[in-house]
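For reference, the chains in residue letters:
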Amino acid sequence: MANNLPSEFDVIVIGTGLPESIIAAACSRSGQRVLHVDSRSYYGGNWASFSFSGLLSWLKEYQESSDTVNESPAWQEQILENEEAIALSRKDRTIQHVEVFCYASQDLHEDVEEAGALQKNHASVTSVNSTVAADSVCLPKEDESLSTVSCEIPAEQTPSSNPESAPEVNDVEAIEEKENDCNDKTCMQATSEKETSENVPTAENTAEQPKKNMITYSQIVKEGRKFNIDLVSKLLYSRGLLIELLIKSNVSRYAEFKNITRILAFREGRVEQVPCSRADVFNSKQLTMVEKRMLMKFLTFCMEYEEHPDEYKAYEEMTFSEYLKTQKLTPNLQHFVLHSIAMTSEATSTTIDGLKATKNFLRCLGRYGNTPFLFPLYGQGELPQCFCRMCAVFGGIYCLHHSVQCLVVDKDSRKCKAIIDQFGQRIISKHFIVEDSYFSENTCSNIQYRQISRAILITDRSVLKTDSDQQISILTVPASEPGTSAVRVIELCSSTMTCMKGTYLVHLTCTSSKTAREDLEPVVQKLFTPYTETEIENEEVEKPRLLWALYFNMRDSSDISRNSYNDLSSNVYICSGPDCGLGNDNAVKQAEALFQQICPNEDFCPPPPNPEDIVLDGDSLQPEPSESSSILPTNSETPKESPYLGNPEEPSE
């Protein structure tokens, strides 16, 4: 029970985003007593993934949340004379300018609902041409299997709770448990194919019978649990910090991964595939033989650029884009290197930035596939849950939907000594880790946040059609005018377990200069066409059809100096939300830096102990750590066949 929590911990973590979850796991692994709370009803914060109905409910919460917060004076009475309180915000202000558009035929009947979903509540969502049915929040998969302490919240104290849908929660959990029993990836795919075979056409029939296979909004709603839609769009570099941490800590056994199968470029209004490996370069029909030699020579130099400083020292002050023009590269090759290999800003990235990014890209090639990137099955939101599970295995206590009213600070020492939660319970701790969005406007009054523009699209086919309909692609669309940013496009197929069969889930991301729709809609119009019945009846259109679209701006709190926050105690540590970068290195660096401040002499997320090496000493040893050491056997299959991460010492090329 939430109101029976222990009264003292070593570390209290507020927020379940990726950095906070990594820190919680590391602290729990090192023997600290950890309490991990989140006022939301799901894991991940802005790193979360939702089913389609869950995403609509998430949108509904932002639409209906009021700026006025009902303050309870009960906790204020617990503040003593020699103490002061830092009130935490109960309204999430990290998401803005939300707009939803539905282009698919809206033949939505009252009796059509997502399979296994909660009772539907219809609600208007910000849109120009649609009214969308928002379902109750669908809990993230495997929450119930995290070995956590469950915290029951009375209905009247649950923010935006729906009394009518509350009794249905147990049914949803039972359904999710049944789905989670099928741990084999092949089993999940087979189920997916079986359930959608009646509604979704095969690739061969799509061109021959377009009208018969028209995808409707009701079909998307009905198959909504096949979607796992990420709020933040990222990939994992195969030799990045997060992959190394997953392998080192053995947390990788809680997740499965897919290779990104191709890297695309947008040039002169066309989408093209970029050759990455040596074999791709020499097999490419887009490049002349002279260009192939030029490219291989330049990429070889980038791998060893630090050994040849004379080659680039004179160009350090210029941008990487200008530096490429001084090399013996054609405009075609310059475009590929800048936007599809280095993936750096044309206007702001220096020569050194570009060379570092190119080398990082090249050294990640070949470890798990023919591109440097991996994507977690079921979405990015699985990763925070993996680290939360590790924390729980080593004794961490979890409470979702559990608000913290304030931090209690001692006036004399200026150190934070406790929190007061929504039940008025005072919980003492030595260290407090708080996600940025939980701080009130008073604490953040001097901060100017950057914004990330995001778009999430559901389409009917890939931006670059090939023989296979199971391609996972990344594409960079260059900035169209000065002052704007390049747009990163990640296209996911149904084999990633993020969308229903016969559709693609497309994520667009860039640094904001305007609202998300103003930043991203021009790129959407270049790549896609709205899904209309008129076009279905005519000849097949060149561009993929757009079925559904969501635009929103997300706060980027990375790189905010700690000194920018007002009146923070030295034992209160801040975690930022997602940044705009493609990888997850910022989250891992942040987590490790904070962990070293809390536990300066401890190893960061060491491997779990081997059960055979454990020496029992009375009753002092808890059984949980031995569970975490059940390591998956090394898989000798090729990386494409096996979604599990291998040993870091494996051959890389």
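Residues numbered from 1 in each chain as written. Predicted model: local features only at pLDDT ≥ 70, side-chain atom pairs only at ≥ 80, totals over all residues. Heavy atoms only, no water.

A. Here's a closer look at the sheet that holds strand β25 (residues 572-575). Read from one edge to the other, the open sheet built from five strands follows the order β14-β2-β1-β18-β25, with strand pairing classed as parallel. In the strand order of this sheet, the two ends are held by β14 (397-400) and β25, each with one partner. In this sheet, neighbouring strand axes are inclined to one another by 15 degrees on average, regardless of whether the strands run parallel or antiparallel. In this sheet, strand β18 (residues 431-435) lies alongside strand β1 (residues 11-14) in parallel orientation, the contact comprising four bridges. The residue bridging isoleucine 14 from the neighbouring strand is valine 434, located in β18. Seen against the sheet, helix α13 (residues 382-393) touches β2 (34-38) and β14 and runs at an angle of roughly 135 degrees to β14. Contacting β1, β18 and β25, helix α16 (residues 585-598) crosses the sheet at an angle of about 170 degrees to β25. (Pairing = 2+ DSSP bridges. Helix = DSSP H or I, 4+ residues; strand = E, 2+ residues; numbered from the N terminus. Axes fitted to C-alpha atoms, helices over the stretch in contact; angles between N-to-C directions. Contact = heavy atoms within 4.5 Å.)

B. Structural context of the sheet that holds strand β17 (residues 426-428). In space, the four strands of this open sheet follow the order β4-β15-β16-β17, with antiparallel pairing throughout. Of all strands in the sheet, those bounded by a partner on one side alone are β4 (83-87) and β17. In this sheet, neighbouring strand axes are inclined to one another by 30 degrees on average, regardless of whether the strands run parallel or antiparallel. Inspection of the sheet shows strand β15 (residues 404-410) paired to strand β16 (residues 416-421) by five bridges, in the antiparallel sense. Within the sheet, the bridge partner assigned to valine 404 lies in β16 and is aspartate 421.

C. Region of the structure containing the nonpolar core. Core analysis: the biggest nonpolar cluster contains 77 residues, and Phe52, Trp58, Phe298, Phe320, Phe373, Trp548 and Leu550 have the highest contact counts within it. Ignoring any residue separated from it by four or fewer positions in sequence, one finds leucine 550 in contact with Leu55, Leu59, Val98, Glu99, Val100, Arg454, Ala455 and Ile456. Counting 49 residues, the second-largest nonpolar core is a separate cluster that includes Tyr254, Cys388, Leu594 and Cys599. (Core = buried A, V, L, I, M, F, W, Y, C linked by side-chain atoms within 4.5 Å. Buried < 20%, exposed > 50% of the residue type's maximum accessible area, 1.4 Å probe, protein only.)

D. Highlighting the packing of aromatic side chains. Within the structure shown, the criterion is met by 17 aromatic pairs. Here phenylalanine 52 and phenylalanine 227 contribute two aromatic rings whose centre-to-centre distance is 6.0 Å and whose plane-to-plane angle is 50 degrees, an arrangement assigned as tilted. On the criterion of sequence distance, the pair formed by phenylalanine 52 in helix α2 (residues 52-64) and phenylalanine 227 in the loop between α6 (217-222) and β8 (229-230) is long-range, its members being 175 residues apart. Here the two residues phenylalanine 52 and phenylalanine 227 agree in accessibility, since each one is buried. Aromatic rings pair up to connect Tyr42, Phe50, Trp58 and Phe552 into one cluster. In this arrangement the basic side chain of arginine 555 is found over the ring face of tyrosine 449, its NZ or CZ atom lying 4.0 Å from the centre. (Phe/Tyr/Trp six-rings, centres within 6.5 Å; stacked < 30°, edge-to-face > 60°. Lys NZ or Arg CZ within 6 Å of the ring centre and 35° of its normal.)

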